Amino acid sequence: MEIIRTVADMKARAAAWKAEGLSIGLVPTMGSLHEGHESLMDAARAASDRVVVSVFVNPIQFGPGEDYEAYPRDLERDARICERRGVDVVFHPEVDDMYAPAHNTFVVMETLTDSLCGASRPGHFRGVCTVVTKLFNIVQPHRAFFGQKDAQQLAIIKRMVADLNMNVTVVGCPIVREADGLAKSSRNAYLSAEERQAALVLSRAIFAGKAAVEAGERDAAALKALMGGIIEAEPLARIDYVEVVDGVTMQPTDAIGAMALVAMAVYIGSTRLIDNFLYEEGE
Ligand code: AMP
């Protein structure tokens, strides 16, 4: 396995692979890798001749006062994990190489980015769409792998690829959880032991919401009340949002339709965690 640290070298490697007729799978990450990321690597490995994992903490998707500086970084550990998973290249560019001082172009989406995390984190998805577009142009993947954990991000990337006629297939992968239910996240490392226990309210609320929908609940307000009640019972938890949106447009809806996303962001102490489930009729 190789670590490539410059955009120019990554572009050259991707071009050489393409010239050989090899298919490329890309897993974009911010590092601090865990089993959620590893599941994306496994999916990429199974579907591609060459697998690239990008490890890049993207400054432009963090807002003022967010955790850009504090975000955990450990490239050596990440590289060991990638090597174990059969990854061919870890792409780890410098910020200045990705964003030259004169950088002035951004990818901005309209309504899909208004709701959920887009409402709480203005500019976040502008940063995500821009970096993912750049990674697609640099790595030239046939397939790119994203987690359902970031459900709005996945919906947005799919929309962007369709809207801009990008030559990449976006593959969504299921949420990987800890044995006790907590969705795996690099940010779980911020939690104290007490907060780690309190963080279980997210998955508890998700599982209760899912069970209610499977039992026939279709009213978004009732569902939000049920899930919100579970979270509010935990003193260390503070709701950012609990929302029901259309699974494609990401717009809030009053009733669970054919495809709905039930999503939440909750602060546990000062750590903001997200979780969700997707309801698809007949699934
Ligand atoms: P991040 O490094 O947090 O930006 O995440 C990189 C990719 O890994 C994104 O596509 C995430 O949705 C995905 N991911 C993060 N956590 C999980 C998880 N618990 N299960 C599945 N995918 C995940």
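It should be emphasised that the depicted structure is a prediction, and the values quoted were computed from it without experimental measurement.

Conventions used here
Residues numbered from 1 in each chain as written. Predicted model: local features only at pLDDT ≥ 70, side-chain atom pairs only at ≥ 80, totals over all residues. Heavy atoms only, no water. Helix = DSSP H or I, 4+ residues; strand = E, 2+ residues; numbered from the N terminus. Rg over C-alpha atoms; globule rule 2.2 N^0.38 Å. Buried < 20%, exposed > 50% of the residue type's maximum accessible area, 1.4 Å probe, protein only. Contact = heavy atoms within 4.5 Å. Areas by Shrake-Rupley, 256 points an atom, 1.4 Å probe, with all protein chains shown as cover. Lys, Arg positive; Asp, Glu negative; His and termini not counted. Charge placed at Lys NZ, Arg CZ, Asp CG, Glu CD. Salt bridge = Lys/Arg side-chain N within 4 Å of Asp/Glu carboxyl O. Phe/Tyr/Trp six-rings, centres within 6.5 Å; stacked < 30°, edge-to-face > 60°. Lys NZ or Arg CZ within 6 Å of the ring centre and 35° of its normal. Near = heavy atom within 4 Å. Polar contact = N/O pair within 3.5 Å; in protein donor to acceptor, adjacent residues only side chain to side chain. Nonpolar A, V, L, I, M, F, W, Y, C, P; charged D, E, K, R; others polar. Right-handed = clockwise from strand over helix to strand, strands pointing away. Pairing = 2+ DSSP bridges. Axes fitted to C-alpha atoms, helices over the stretch in contact; angles between N-to-C directions.

Draft legend 1. Representation of the overall build of the protein within the structure. Helices and strands together make up the secondary structure of the protein, namely 10 helices and 9 strands. Here the C-alpha atoms of the protein give a radius of gyration of 19 Å, agreeing with the 19 Å that 2.2 N^0.38 yields for 283 residues. With the C-alpha coordinates of the protein rotated into their principal frame, the extents come out at 55 × 40 × 40 Å. In the protein, buried positions account for 52% of the 283 residues. Look at the contacts in the protein between residues 6 or more apart in sequence, and 71% of them connect residues 24 or more apart. For the protein, the exposed area adds up to about 12,800 Å²; of that, 49% sits on carbon and sulfur atoms. Counting 28 positive and 39 negative side-chain charges, the protein places the centres of these two groups 4 Å from one another.

Draft legend 2. Highlighting the pattern of salt bridges. A full pass over the atoms with the stated rule returns 15 salt bridges. One salt bridge in this structure joins glutamate 38 and arginine 85, with 2.8 Å as the shortest N-O distance. Of this pair, glutamate 38 sits in helix α2 (residues 35–47) while arginine 85 is found in the loop between α3 (75–84) and β4 (89–91), placing the two residues 47 residues apart along the sequence. For aspartate 275, the salt bridge is made with arginine 177, and the minimal N-O distance between the two is 2.9 Å. Of the two residues, aspartate 275 sits in strand β9 (residues 271–280) while arginine 177 sits in the loop between β6 (169–173) and α8 (193–198), which places them 98 residues apart along the sequence. Residue class for aspartate 275 comes out buried when judged on its relative accessible area of 2%.

Draft legend 3. A look at the packing of aromatic side chains. Scanning the entire structure with this criterion turns up 4 aromatic pairs. Between phenylalanine 62 and tyrosine 68 the ring centres are 5.4 Å apart and the planes differ by 65°, which places this aromatic pair in the edge-to-face class. The residues phenylalanine 62 and tyrosine 68 share a single accessibility class, namely buried. Between phenylalanine 62 and tyrosine 71, the aromatic rings sit 6.0 Å apart at their centres with planes inclined by 75°, giving edge-to-face as the arrangement. For the pair phenylalanine 62 and tyrosine 71, one class covers both residues: buried. Positioned above the aromatic ring of tyrosine 68, the side-chain terminus of arginine 73 is 4.9 Å from the ring centre. Across from the ring centre of tyrosine 267, 4.3 Å away, lies the NZ or CZ of arginine 238, which sits over that ring.

Draft legend 4. Up close: the site of the ligand. Close to the ligand lie 17 residues, the nearest being His37, Gly147, Asp150, Val176 and Lys184. At a separation of 2.9 Å, an oxygen atom of the ligand approaches a polar backbone atom of methionine 30. One of the backbone nitrogen or oxygen atoms of lysine 184 is found 2.8 Å away from a nitrogen atom of the ligand. Secondary structure elements with two or more residues in the shell around the ligand: β2 (24–29), α2 and β5 (143–147). The element best represented in the shell around the ligand is α2, accounting for 3 residues. Residue composition of the shell around the ligand, by class: 8 nonpolar, 6 polar and 3 charged.

Draft legend 5. Local environment of the pairing of strand β3 (residues 50–55). By the criterion of burial, β3 is predominantly enclosed, with 5 of the 6 residues buried. Crossover β2 to β3 through α2 is right-handed. Two strands pair when backbone bridges link them, and β3 and β4 are joined in this way by 3 bridges, in the parallel orientation. Its bridge partner being in β4, serine 54 is matched across the sheet by phenylalanine 91.

Draft legend 6. How the structure looks around the environment of proline 252. When you line up the elements, proline 252 lands in the loop between β7 (237–246) and β8 (259–268). Note on proline 252: relative accessible area 52%, which makes it exposed. C-alpha separation for the pair proline 252 and leucine 112, spaced 140 residues apart in sequence, amounts to 11 Å. Setting aside chain neighbours within four positions, we find proline 252 in contact with Glu243, Val244 and Val245.

Draft legend 7. Representation of the side chain of threonine 271 in the model. Note on placement: threonine 271 falls in strand β9. Setting aside residues up to four positions removed in sequence, threonine 271 forms contacts with Arg187, Tyr190, Leu191 and Val266.

Draft legend 8. Region of the structure containing the sheet that holds β7. Spatial ordering of the open sheet is given by β7-β8-β9, a layout of 3 strands whose pairing is antiparallel. Because the sheet does not close on itself, it has two edges, and the strands there are β7 and β9. Strand-to-strand twist across the sheet, computed as the mean angle between neighbouring axes with direction ignored, equals 15°.

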